[in-house]
Amino acid sequence: MFDSLIDRKPAEKRAGREVSRPRVSAAQLVRSRRDFLRAAAGVAAGTVFLGPSPRVHAQPVSKRRKVIVVTFGGGARDQETFSPEGQENIPHMLTELAPQSSFFTHVSNQGILGHYVATASLATGVYETLNNFAAVPPDHPTVFEYFRKDLRRPSSDAWVVAPSNGFNRIGESDCRNYGGGLGARVVLPKHLLSAAGAGSADYAHLLRDNYESPLYAPQLAGGEFELQQLETILKLSVDDFKAHAMTLSSPDELSVYIARRLMQQESPSLLWITLHDMDVAHSGAYSLYIEGIQRTDRLCAELWKAVQADPEYAGNTTMLVLPDFGRDADEDAGGNGFQHHRTGDVASRTTWMMALGSGVRQGVVHDRQVQSIDVVPTLGAMLGFSPAQSQGKAIPELL
Ligand SMILES: [Zn+2]
């Protein structure tokens, strides 16, 4: 069944051989993911657990629960990840993270497939309709506003690390009763690096702002992280920051480095990190897309290790990992395979989510369909705030 999916190579189209095959359904994707996960990672389906009893990470009563959300701007297809031929690209997720996680094979995104608007939708629990290429705040309150307002948390307790200048407004809506300084602080590592004067060719590999529209470079305004806060918050001198950045191979590595500094210095209870390297696929370079997937796989594992090693986070942290959406399937005539996500086909809308850590059952796969907009209500139920305007539903398997 999945074989018919994985052997559709872009080369077939280039060779001019039109091969007529049935389109992949969401049910096929879900079944395949489950089967491959079981085979590769030994995780069990449905309510059948790995081992004699499902282990749920208990939260130490003395510590407040923390949540880290990692999203990928631009997903990866199953051919390059969960299928047998893709598994070599995600060894950390398959062998380290999936066995510890509750894995959802069917996360559906019914919204607009642009990275800023989709990530904003994940963060508000409403399918936002804002212009993906405009520096505007989300129309509905963000998870950060619900969290801070309901739980009376300071601004140091909610942070976003975002991939490009276009995300600088994601921390806060301008909704009545919310907004107005109640959102997350947003750090844009690339903006920081360029503000630090790292404009030379040595840093060019870290400064590419996005992979979809080379003309898109919005002016920054609002609550972006100020350069002087490098020293006051991250305890990094500008010179140290620039020197360390020189050792990093990609924008996502820079983002994870900044996120880890934030964890050490501010210990936010709600930390949202959006990675973007794999979206280099838009350039059409398959090998760079694969490198991006491999790097994301490694960075997620490094982040989870950092959680375990940090006394503020170890034992009381839940991490969610999910792509904002998928990419086009090879057989859709409206697209160009892995390169883009513009057809709105099943492959580009059917993604997945991994949840692990505090309060989450380990080694279990759920095939029930959930939606991108269910993340915020789920976080609300986990952390104890009320996502009043969200249109999603809390995911009971995570509560
Ligand atoms: Zn993209």
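Structure shown above.
Residues numbered from 1 in each chain as written. Predicted model: local features only at pLDDT ≥ 70, side-chain atom pairs only at ≥ 80, totals over all residues. Heavy atoms only, no water.

### Observations concerning the overall build of the chain
- When helices and strands are counted, the chain shows 14 helices and 10 strands.
- Of all 399 residues assigned to the chain, the portion counted as buried reaches 59%.
- For the chain, the share of sequence-separated contacts (at least 6 apart) that also reach a separation of at least 24 residues comes to 76%.
- Summing over all exposed atoms, the chain offers an accessible surface of approximately 15,200 Å²; the carbon and sulfur share of this is 50%. (Helix = DSSP H or I, 4+ residues; strand = E, 2+ residues; numbered from the N terminus. Buried < 20%, exposed > 50% of the residue type's maximum accessible area, 1.4 Å probe, protein only. Contact = heavy atoms within 4.5 Å. Areas by Shrake-Rupley, 256 points an atom, 1.4 Å probe, with all protein chains shown as cover.)

### Quick word on the nonpolar core
- Of all hydrophobic cores here, the largest spans 57 residues; its most connected members are Ile68, Val70, Phe72, Phe241 and Met354.
- The leading source of residues in this core is helix 12 (residues 286-309), at eight residues.
- Apart from the residues within four sequence positions on either side, Phe72 is in contact with Met93, Leu275, Met278, Thr296, Cys300, Val321, Leu322, Pro323, Asp324 and Trp352.
- If you look at the next biggest cluster of nonpolar residues, it comprises 40 residues, including Leu122, Leu130, Val375 and Leu379. (Core = buried A, V, L, I, M, F, W, Y, C linked by side-chain atoms within 4.5 Å.)

### A look at the pairing of strand 6 (residues 270-275)
- In terms of burial, strand 6 is a largely internal element, six of the six residues being buried.
- Burial along strand 6 is two-sided: Leu270, Trp272 and Thr274 and Leu271, Ile273 and Leu275, pointing in opposite directions, are all buried.
- Inspection of the sheet shows strand 4 (residues 158-161) paired to strand 6 by four bridges, in the parallel sense. If you follow Val160 over to strand 6, its bridge partner there is Trp272. (Pairing = 2+ DSSP bridges.)

### Concerning the coordination of the zinc ion
- Of the protein atoms, only His115 (NE2), Asp279 (OD), Asp279 (OD), His282 (NE2) and His341 (NE2) coordinate the zinc ion, at distances of 2.0 to 2.3 Å.
- Taking relative accessible area as the criterion, Asp279 reaches 0% and is therefore assigned buried.
- Judged by its relative accessible area of 10%, His282 is buried. (Donors = N, O, S within 2.8 Å, 3.2 Å for Na, K, Ca; no water.)

### Observations concerning the side chain of Ser372
- As for its placement among the helices and strands, Ser372 is situated in the loop between strand 10 (370-371) and helix 14 (375-383).
- Look at Ser372 and you get buried, because its relative accessible area is 1%.
- With sequence-adjacent residues up to four places away left out, Ser372 is seen in contact with Val107, Ser108, Asn109, Leu122, Tyr127 and Asp324.

### Some points on the pattern of salt bridges
- One pass over the structure, following the stated rule, counts 13 salt bridges.
- Residue Arg153 is joined to Asp157 by a salt bridge in which the shortest nitrogen-to-oxygen separation is 2.7 Å.
- Residue classification places Asp157 among the buried residues on the basis of a relative accessible area of 8%.
- Each of the salt bridges in this network shares a partner with another, and the network as a whole consists of Arg34, Asp35 and Asp367. (Salt bridge = Lys/Arg side-chain N within 4 Å of Asp/Glu carboxyl O.)

### Points about the environment of Ile290
- Relative to the helices and strands, Ile290 resides in helix 12.
- Relative accessible area serves as the criterion here: at 14%, Ile290 is assigned to the buried category.
- For the pair Ile290 and Gly86, spaced 204 residues apart in sequence, the C-alpha separation works out to 9.3 Å.
- Beyond its immediate sequence surroundings of up to four residues, Ile290 is in contact with Glu80 and Asn89.

### Remarks on empty space enclosed by the protein
- All told, the structure shown has four cavities of 30 Å³ or more when counted by the stated rule.
- Approximately 70 Å³ is the volume attributed to the second largest cavity.
- Of the residues belonging to the lining of the second largest cavity, the class tally is six nonpolar, two polar and three charged. (1 Å grid on protein atoms, 1.4 Å probe; cavity = no way out; pocket = protein on both sides within 12 Å on 5 of 7 lines; lining within 4 Å. Points joined across faces, edges and corners; volume = space filled by probe spheres on them. Nonpolar A, V, L, I, M, F, W, Y, C, P; charged D, E, K, R; others polar.)

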